[in-house]
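Residues per chain, in single letters:
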Amino acid sequence: MADFEDIKKAFRKAVDSDAEVRKIYADLQDLPTYANVMKLANKIGEDLGKVLVKFAPELSVDDLELADILPKALGLDHAQVSAACKEVQEKMNRKAGLGIKYKEPQFNMDKALGLADEIRGITDEDALAQALVERVANFSAGVVDDSIYENAGVLARAGVKTTLIRTAEANCCDWCDEVAGVYDYFEVNDKGNDVWRRHLGCKCEIDIDNGETIGRVNNYKK
Ligand SMILES: [Zn+2]
């Protein structure tokens, strides 16, 4: 039986003592972009995944405990990542002279429970460790994607010309190279669109351009 409070403490400790996380927060001050938040999300997700690996022997993966504790643990990730998204989005809005507030995406419970189901089926210890780190990082990146989706929608519906820029990470995969590009929000506002999809291990970046995006990534491939 794992105790959520212990997981929470271990997660805080892991993130607070992570030098790379500190560096990304400093970078975010200089360059508040979703690309930088994506780096943060991946790192925090990996940290949480590693914490969960340590607690894995105490988690009874075959009963309801996993379905209870995993979403709670992912909630910690969601809160920290969306707080960073809020800062970026509101700075971006202010820079563009827009008094539009950040819209926090809903916690993705379906994805969290899906992750619990996938984890439950893995019996090999190494495979479980790898899956936890990869899948939690993927969940974490999804918080950034959801944040971009929600806030691009808010801007576009408010009449701001809103463009999404998806940049393929070097050597990600052919599929990601294909999806990379520049899209008007209304071209891709269906959540099922490929722009919003992300396979395991994908660290490709998406940015919003509302005409005044700061430090926008411009090395995208078309
Ligand atoms: Zn990718």
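Computed from a predicted model, the values in this text were never measured in an experiment.

> How would you summarise the sheet that holds strand S2 (residues 181-184) if you had to cite specific residues and measurements?
Spatial strand order, S2-S1-S3: 3 strands in an open sheet with antiparallel pairing. Every interior strand has two partners, whereas the edge strands, S2 and strand S3 (205-209), have only one. Put simply, the sheet's adjacent strands are angled 20° from each other on average, direction ignored. The sheet contact formed by strand S1 (residues 163-167) and S3 spans 5 bridges and is antiparallel. Its bridge partner being in S3, Thr167 is matched across the sheet by Glu205. Running at roughly 20° to S3, helix H6 (residues 125-157) makes contact with S1 and S3 of the sheet.

> Now, about unusual backbone geometry: what can you tell me, with residues and values included?
You will see that Asn171, though not glycine, has its phi angle at about 60°, which is positive. Note that Asn171 resides in the loop between S1 and helix H7 (174-179).

What counts, and at which threshold
- Here the residue numbering is sequential within each chain, running from 1 through the sequence in written order.
- Only residues with pLDDT of 70 or above have their local features reported here, since the model is predicted, and side-chain atom pairs are shown and tallied only from 80 upward, although totals for entire chains, interfaces and linings are computed over all residues.
- Each pair of strands is called paired provided DSSP finds at least two bridges between the two strands.
- By definition, any uninterrupted DSSP run of H or I lasting at least four residues is a helix, any uninterrupted run of E lasting at least two residues is a strand, and each is numbered from the N terminus.
- Axis definition: a line fitted to C-alpha atoms, over the contacting stretch in the case of helices. Angles run 0 to 180 degrees between N-to-C directions.
- Each residue is represented by a C-beta atom placed from its backbone, and any two residues with such atoms within 7 Å are regarded as in contact.

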